[in-house]
Amino acid sequence: MPQAPPSNSRIAEALDELGDLYELDGAVIHRVLAYRNAATVVRDAPVSVAALTSAGRVTELAGIGATLEQKIRDLIETGDIPAAVKLRTRFPAGLLELTHLPGLGPKRARRLFDELGIDSPQALREAAQAQRLRSLRGFGAKFEEAMLEALADAAPRPRARRTTLDRALAVGEQLLGALRELDPAARIELAGSSRRRAESVKDLDVVLDNPELLDRVGSLELIESASRTSAGAATARTHNGVRVELRAVAPEQFGNLLQHLTGSARHNAALRERAVRAGLHVSEYGVLDDATQTTRTFAGEEELYGALGLRYIEPELREDRGEIEAAAAGALPKLIELDDIRGDLHTHTTASDGTTTIAELALAARERGHAYLAITDHSATHGFGNEVSPDQLRRQIELIHEADAEIDGIRLLAGSEVNVLPDGRLDYDDELLAALDWVIASVHTAFSIGSEAMTARVLAAASHPLVDALGHLTGRMIERRAPYAIDVDAVIAACADSGTLLEINSSPRRRDLNEVHARAAAAAGVGLLINSDAHSPAGLDALRYGVWTARRAWLGPEQVLNTLEWPALERRLKRHR
DNA sequence: GCCGTTTTCGGCCCGACTGTTTTCAGTCG
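Just so it is clear, the model here is predicted, and its values are computed rather than measured.

Things to note about the protein's contact with DNA strand B
Then, in step 1: Residues in close proximity to DNA strand B total 35 residues, the closest being Gly-65, Gly-103, Gly-105, Glu-273 and His-281.
Then, in step 2: The sugar-phosphate share of atoms of DNA strand B within 4 Å of the protein amounts to 79%.
Then, in step 3: Gly-138 has a polar backbone atom sitting 3.5 Å from a phosphate oxygen of DNA strand B.
Then, in step 4: Within the side chain of Tyr-285, an N or O atom sits 3.0 Å from a phosphate oxygen of DNA strand B.
Then, in step 5: Contributions of two or more residues to the surface near DNA strand B are made by helix H2 (29-44), helix H4 (66-78), helix H7 (106-116), helix H9 (141-154), helix H14 (265-277) and strand S8 (280-283).
Then, in step 6: Per element, the largest residue contribution to the surface near DNA strand B is 5 residues, and it comes from H14.

Focus on the nonpolar core
Then, in step 1: The biggest cluster of nonpolar side chains holds 60 residues, and the ones touching the most others in it are Leu-470, Leu-473, Leu-502 and Ile-530.
Then, in step 2: Of all the elements, helix H17 (residues 358-367) adds the most residues to this core, at 5 residues.
Then, in step 3: With near-sequence residues (within four places) excluded, Leu-473 lies in contact with Val-458, Tyr-484, Ile-486, Val-488, Val-491, Leu-502, Asp-512 and Leu-513.
Then, in step 4: One finds Leu-21, Ala-45, Ile-72 and Ala-150 within the second-largest nonpolar core, a separate group that totals 49 residues.

Some words on helix H23 (residues 543-552)
Then, in step 1: Of all the 10 residues making up H23, 9 are buried; the element is thus mostly covered by neighbouring parts of the structure.
Then, in step 2: Its buried side turned inward, H23 meets helix H10 (165-182), strand S11 (343-344), strand S16 (501-505), helix H22 (515-523) and strand S17 (528-531).
Then, in step 3: Count one or two residues on from H23 and you reach Trp-554, which has phi positive near 70°.

Quick word on the pairing of strand S12 (residues 372-378)
Then, in step 1: Among the 7 residues in S12, 7 count as buried, and that is most of the element.
Then, in step 2: One ladder, built from 2 bridges, connects S11 with S12; its direction is parallel. Paired with Gly-343 across the strands is Tyr-372, a residue of S12.
Then, in step 3: In this fold, S11 hands off to H17, which returns the chain to S12; that crossover is right-handed.
Then, in step 4: Of the pairings in the sheet, the one linking S12 to strand S13 (residues 411-419) comprises 7 bridges and is parallel in character. Note that in S13 the partner of Ile-375 across the bridge is Ala-414.

Some thoughts on unusual backbone geometry
Then, in step 1: Here the bond from Gly-263 into Ser-264 is cis, since omega is 0°, no more than 30 degrees from zero.
Then, in step 2: Position of Ser-264 among the secondary structure elements: in the loop between helix H13 (254-262) and H14.
Then, in step 3: Note the cis peptide between Asp-512 and Leu-513, where omega equals 5°.
Then, in step 4: With respect to the helices and strands, the residue Leu-513 is situated in the loop between S16 and H22.
Then, in step 5: Backbone geometry places Gln-131, a non-glycine residue, at a positive phi of 55°.

What counts, and at which threshold
- Residues numbered from 1 in each chain as written.
- Chains lettered and ligands numbered in written order.
- Predicted model: local features only at pLDDT ≥ 70, side-chain atom pairs only at ≥ 80, totals over all residues.
- Heavy atoms only, no water.
- Near = heavy atom within 4 Å.
- Polar contact = N/O pair within 3.5 Å; in protein donor to acceptor, adjacent residues only side chain to side chain.
- Helix = DSSP H or I, 4+ residues; strand = E, 2+ residues; numbered from the N terminus.
- Core = buried A, V, L, I, M, F, W, Y, C linked by side-chain atoms within 4.5 Å.
- Buried < 20%, exposed > 50% of the residue type's maximum accessible area, 1.4 Å probe, protein only.
- Contact = heavy atoms within 4.5 Å.
- Pairing = 2+ DSSP bridges.
- Right-handed = clockwise from strand over helix to strand, strands pointing away.

As structure tokens, this is what we get:
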């Protein structure tokens, strides 16, 4: 029986596992890294890798050659990779798990397995408690302690939870403001994943050019504790538990350190590999030239990238997804900016679960420069007790039109965020939907119906002539809830076909579509939207998170349709075509 | 295992830290 083709994330998982197995088997590290690299490339691919493989084109992806093509083909056709099946008989799953403990890598895990028979976290705990690890050459009491600590940490929560970007930035922007008050002349920048505007961050990285500030961080109101870790570094913790790493550097070297700490690790590795081919060695301290044996430093990142023969690369693009090649060819995209957005097409009022009235929200949107605003309260079966019945919606449409007539300077659109029922039907009948200016359809209930049913459900909504767009397609909540099972590729294809738009929901908890799906949708020719999903006036400001997701998806303003004025956008809707 | 302004072999980013070591391997970011 033909199986559904494996998703990109499933293929990536299999390649990661095989890399781990080869590593335990003692393969040369570069072979292992090739598998890990391939896993990331597959995970980030903007198209279905299974489909690409079937079409014989998978080796077009950088890092996938003939061998990996065959392994992916095996996975698609048989559901597994023969090499992995074989290695699994030699290395138990518990051993693989051990290599993921902090402080324990494949080399030492393998020795524990070979010499002490340790093949699971439980066996490691018992051996550490019995102080049997120190009998091995190169292992000592400190290592036993470290392992017990790592095991204790790992047990209650499988992995340390990361902080969503909004929570990290709330602290980061406040911290930068406080530091700038201490020294208005200093250069102070965020680096790391928060500067790349990633979905979540582990900690905050701050780069500054005044080392004296490192000693004064502890005196700031939002800091719980701080300590100097070296001449040029300090670490701190905020009262709400965000870790901050601060680094100070001379102004003439600021660009080097900022670039280094902004990352990502993959971007930096790819950048350095490319530089080596030109006889240049890049580190956080400078660029060493083989030919002259001199190290050049740079005050700014622009000059640093320039010295490597590259255009400046925006932080959001620095994920090794082709940006270095594009920068070398002068082919980087012009990315969308917050100011490009002309209107917001997904918001809530007190008619459903919002906290604000139509008029308040309209004025707040006008203040933010929006030319139009769709009020899209939840429909009749939202299921949380704050839904809008058909009669209430008829009244709501009148209220929105009245407010539109009263308030100048912004166009108010009568809309709805219509629930997609488990069988694909919508909450309101077509006559009522046709009375609305704007309809966005979303799934809010029955997440666990399985990929096939969920895909059919959403495809039914996408094909409805009165559904203008689909909201938060995968239902994921960052760091809290995995996306429900759904064939995103199939939905993208259907939207490209029907002219249904796809939303990038800007709520910092959602950012759904994510950047990989958004890039795939744009590549398929689907029109995208960036909406706030605001439930209050302040919620309108969430748009920047959606814009950052769009930038990480390489999108320009022309691919995001709410950069258009409403009349131009309205003409693009499928119901008017 | 991949890849080529080193094209079919011989390389493959850079540095800090840790614990156990007398010079370094392993791990991490």
